Structures are given as structure tokens and as C-alpha cells.
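Coordinate inspection notes
Below are the chains, spelled out letter by letter.
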Amino acid sequence: QVQLVESGGGLVQAGGSLRLSCAASGGTFGSYPMGWFRQAPGKEREFVAAVSWTGSTIYYDSVKGRFTISEDNAKNTVYLQMNSLKPEDTAVYYCGARTPLTPVSRYATEYIYWGQGTQVTVSS
């Protein structure tokens, strides 16, 4: 069983930056494709970014060039560096993990482990 714990959310002004962290335990980190998703009030959970177990990355179009996903296998942690934040980035951000050694995915239904989420609020 894999446990995921997100941290790093908060309140920031538009144009600012935040770095989210997702600490994993209970599994063989590095073999799991990891993803970041977000959910705003009244909306469905949407894909933000993901990193495969080989290190390749994919991004939602609206965050390309602003957000960067990375992982530190020594710390069993995946990060989401968010720059040039916009009010529309406001949401609860969730970290997810897929079955080991599967392809990276932008579909939330393909992730089997989830963290509790961390709130990101961007003021205008």
C-alpha cells in the first residue's frame, strides 16, 4: 500500500510561485508513474502534469512553460514547481500514483493511489 502526502500549498498573489511536494511511502518509489491533478469547487478533477518511471513528463496545455514536475528518488518525493500563477490555478491539488511500470497518464481514473490534497489559492 502506497501512502502519499502533499504539502506546500497556500495563498499567493497572481504572478507568484509555489512549490508543491508529494512524499511517498510504502512502495518502490521510482517505479510508479506519478501525477498532479487539481480540482476547483464545482468542477471535475483535471490533469496538471505527470512523470513516468523513466523520467519523461507530460503537461496540461494551460500550465506548459509555467509548471514543472520533477522527482527526487532519494527522498521518495515528487514536486510541482508552479510559476507565474494565475487566479484560475486556484484549486485543491492532488498527487496520484499509478500501478508500477505502467505508462504515464493524464487520466485520473488510471491512478490508484491518492494523497489528501493541498489547497492553492491565487489572488488577483
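Residues numbered from 1 in each chain as written. Predicted model: local features only at pLDDT ≥ 70, side-chain atom pairs only at ≥ 80, totals over all residues. Heavy atoms only, no water.

1. Some details on the pattern of salt bridges
Across all of its chains, the model carries five salt bridges by this definition. In this structure, Arg-38 and Asp-89 form a salt bridge, with 2.9 Å as the shortest nitrogen-oxygen distance. Taken together, the residues Arg-38 in strand 4 (residues 34-39) and Asp-89 in the loop between strand 8 (77-82) and strand 9 (91-97) connect sequence positions 51 residues apart. On the basis of relative accessibility, which here comes to 5%, the residue Arg-38 falls in the buried class. Since its relative accessible area comes to 1%, Asp-89 is described here as buried. Look at the salt bridges and you will find they share partners, linking Arg-38, Glu-46, Arg-66 and Asp-89 into a network. (Salt bridge = Lys/Arg side-chain N within 4 Å of Asp/Glu carboxyl O. Helix = DSSP H or I, 4+ residues; strand = E, 2+ residues; numbered from the N terminus. Buried < 20%, exposed > 50% of the residue type's maximum accessible area, 1.4 Å probe, protein only.)

2. Let's talk about the side chain of Glu-6
Relative to the assigned elements, Glu-6 resides in strand 1 (residues 3-7). Buried within the structure, Glu-6 lacks any salt-bridge partner; its nearest side chain of opposite charge belongs to Arg-45, at an N-O separation of 7.2 Å. A distance of 2.9 Å separates a polar side-chain atom of Glu-6 from the backbone nitrogen of Gln-116. Separated by 2.9 Å, the side chain of Glu-6 and the backbone nitrogen of Gly-117 make a polar contact. When sequence neighbours within four positions are dropped, the list of residues in contact with Glu-6 reads Ser-21, Cys-22, Trp-36, Tyr-93, Tyr-94, Cys-95, Gly-115, Gln-116, Gly-117 and Thr-118. (Lys, Arg positive; Asp, Glu negative; His and termini not counted. Polar contact = N/O pair within 3.5 Å; in protein donor to acceptor, adjacent residues only side chain to side chain. Contact = heavy atoms within 4.5 Å.)

3. Some words on the environment of Thr-109
Its location among the elements puts Thr-109 in the loop between strand 9 and strand 10 (113-114). Residue Thr-109 is classed as exposed on the basis of its relative accessible area of 77%. Considered as a pair, Thr-109 and Arg-98 are 11 residues apart in the sequence and their alpha carbons are 9.5 Å apart.

4. Regarding the state of the cysteines
Applying the stated criterion across every chain, the model contains one disulfide. Shown here is the disulfide that connects Cys-22 with Cys-95, its sulfur atoms set 2.1 Å apart. The disulfide joining Cys-22 to Cys-95 has a torsion of about -75 degrees about its S-S bond and is therefore left-handed. Of the two residues, Cys-22 is situated in strand 3 (residues 18-25) and Cys-95 in strand 9; the sequence distance between them amounts to 73 residues. For the residue pair Cys-22 and Cys-95, the accessibility class agrees, reading buried in each case. (Disulfide = S-S within 2.5 Å.)

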